[in-house]
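Analysis of the macromolecular model
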Amino acid sequence: MNILRTALIVLSVFNLTGCLTINLSNTIRDSKYYTEESLFDTVTDIYVSKHSSHSIQLGGMNSSFLVLDGSAGLKTLLSSSLMNVNNLSLKQNGGFSLYKDSDYTKIYVKIDVLYSFSNTDEAGSNELLSKTECQPNALKECVFEISDLMGDYNQKPVRVEEQNVIHLQKPLVLNMKRYTEHTPLSSYALMLLYPVTILLDAVTIPVQIFIIPFGMGTVGK
């Protein structure tokens with residue numbers, strides 16, 4: 001029991017140490033807010049590269065986005081000589097949100113890449129289906145879902161060697177919301193208190209060590 005009580009005391013000391021600094025950090029964090037901005041762009045091209053780590057890009061008139069979760073079947077489809085661009089289309093499935101803070105932009109989106117086999121010959125369809133490992137739906141469409149993108153509005157496409165550019169016959173109009181993080185001036189003033197809270201936390205450590213054992217002793221009775 002004594003060993004367990006000692007371990008609980010040490011753990012509690014570490015948990016309580018720095019309370020003032022932690023509370024100040026939480027106050028500054030909670031004071032941040034986002035402003036909302038409506039943006040629109042038209043995806044006109046898909047860039048496909050053989051050797052890039054992110055081999056598929058969606059290129060818009062004002063922005064571009066790297067596809068981070070494209071399946072092997074999707075890349076095979078976009079790289080195949082059997083693909084007919086007239087049968088290729090993109091569909092925005094739900095909202096498109098950009099959360100921009102000081103470090104990076106987090107994207108929440110779902111985009112479907114649809115390829116129709118209704119106007120293709122049977123031999124070509126069978127070969128392409130076998131390579132993409134796709135099961136067409138009732139409309140004879142293969143659907144590839146994209147939900148993980150990296151990029152930002154007003155960002156140009158990354159050009160790499162051996163890149164194939166697919167010009168979409170049916171461009172996709174993106175309806176986006178961009179949320180930009182802001183820190184109020186009052187929070188910058190609070191940041192000046194960090195040295196004070198750190199000093200006070202350091203000074204109160206002996207008091208915490210003195211008080212906690214009595215609390216533990218009371219709990220253990």
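Since this is a predicted model, take the numbers as computed values, not measurements.

The geometry of an aromatic ring pair comes down to the distance between the two centres and the angle between the two planes. Scanning the entire structure with this criterion turns up four aromatic pairs. Note on Tyr 99 and Tyr 108: the rings are 5.6 Å apart at their centroids and 90° apart in plane angle, and the pair reads as edge-to-face. Residue class for Tyr 99 comes out partly exposed when judged on its relative accessible area of 30%. What makes Tyr 108 partly exposed here is its relative accessible area of 48%. Ring pairing ties together the aromatic residues Tyr 99, Tyr 108 and Tyr 179, which thus form one cluster. The ring of Tyr 108 has Lys 106 sitting right over it, with the charged end atom 5.9 Å from the ring centre.

The next thing to look at is the state of the cysteines. Throughout this description, disulfide means a covalent bond between two cysteine sulfur atoms. What the rule picks out here adds up to one disulfide. Each sulfur of the disulfide joining Cys 134 and Cys 142 lies 1.9 Å from the other. Classification of the bridge connecting Cys 134 and Cys 142 rests on its S-S torsion, roughly -125°, and on that basis the disulfide is left-handed. Cys 134 sits in the buried class, given a relative accessible area of 10%.

For the rest of this paragraph, the subject is the side chain of Asp 45. Tracing the chain through its elements places Asp 45 in strand β1 (residues 33–49). For Asp 45, a relative accessible area of 12% puts it in the buried group. With residues near it in sequence (within four places) discarded, Asp 45 still touches Gln 57, Leu 58, Gly 59, Val 165, Ile 166, His 167 and Leu 168.

A few words on helix α3 (residues 72–79). Those residues of α3 not exposed but buried are Gly 73, Leu 74, Leu 77 and Leu 78. One side of α3 holds all its buried residues, which, seen down the axis, span an arc of 130°.

This next bit is on a nonpolar patch on the surface. Taken together, the side chains of Tyr 34, Tyr 99 and Tyr 108 make up a nonpolar region of the molecular surface, amounting to roughly 310 Å² of accessible area. When you line up the elements, Tyr 34 lands in strand β1. Among the residues examined, Tyr 34 registers a relative accessible area of 41% and is labelled partly exposed.

To continue, consider the sheet that holds strand β2 (residues 56–60). Sheet strands associate in pairs through backbone hydrogen bonding, adopting either a parallel or an antiparallel arrangement. Read across the open sheet, the seven strands follow the order β6-β5-β10-β1-β2-β3-β9; overall the sheet is mixed. Here the strands that pair on one side only, and so sit at the sheet edges, are β6 (105–108) and β9 (149–153). Neighbour-to-neighbour, the strand axes of the sheet open up by a mean angle of 30°, direction not taken into account. Taken together, the four bridges between strand β5 (residues 97–100) and β6 define a ladder with antiparallel strand orientation. Residue pairing for β6: Ser 97 is matched across the bridge by Tyr 108. This element, α3, spans β1, β2 and β10 (163–182) of the sheet and lies at about 55° to β1.

Analysis parameters
- Sequence order as written defines the numbering, with residues in each chain counted from 1.
- Since the coordinates come from a predicted model, pLDDT governs what is reported: local features require at least 70, and pairs of side-chain atoms require 80 or more to be given and counted, while whole-chain, interface and lining totals use all residues.
- Only hydrogens and water are removed before side-chain values are computed, so all heavy atoms of the structure are retained for them.
- When the centres of two rings from Phe, Tyr and Trp lie within 6.5 Å, Trp using its six-membered ring, the rings pair. Their planes under 30 degrees apart give stacked, over 60 give edge-to-face, and anything left gives tilted.
- Think of it in three bands: residues with accessible area under 20% of the maximum for their type are buried, residues over 50% are exposed, and the middle band is partly exposed, with areas taken using a 1.4 Å probe on protein chains only.
- Ring-over charges, as used throughout, are those where CZ of Arg or NZ of Lys falls within 6 Å of the ring centre and within 35 degrees of the ring normal.
- Disulfides are defined as cysteine sulfur pairs within 2.5 Å.
- A run of H or I in DSSP counts as a helix once it spans at least four residues, and a run of E counts as a strand once it spans at least two, with each numbered from the N terminus.
- We call two residues contacting when some pair of their heavy atoms lies within 4.5 Å.
- Arc, as used here, means the arc of the directions from the helix axis to the C-beta atoms.
- Patches here: salt-bridge-free residues with over 30% relative accessible area, like charges joined within 9 Å, nonpolar side chains (Val, Leu, Ile, Met, Phe, Trp, Tyr) joined within 5 Å.
- For accessible areas, the Shrake-Rupley method is used with a probe of radius 1.4 Å. Any residue's cover is judged against the shown protein chains and nothing else.
- Just to be clear on terms, a salt bridge is a Lys or Arg side-chain nitrogen sitting within 4 Å of an Asp or Glu carboxyl oxygen.
- Two strands qualify as a pair provided that DSSP identifies no fewer than 2 bridges between them.
- In this description, a line fitted to the C-alpha atoms serves as the axis of each element, helices being fitted only across the stretch in contact, and the angle between N-to-C directions of two axes falls anywhere from 0 to 180 degrees.

Structural measurements only, silent on function.
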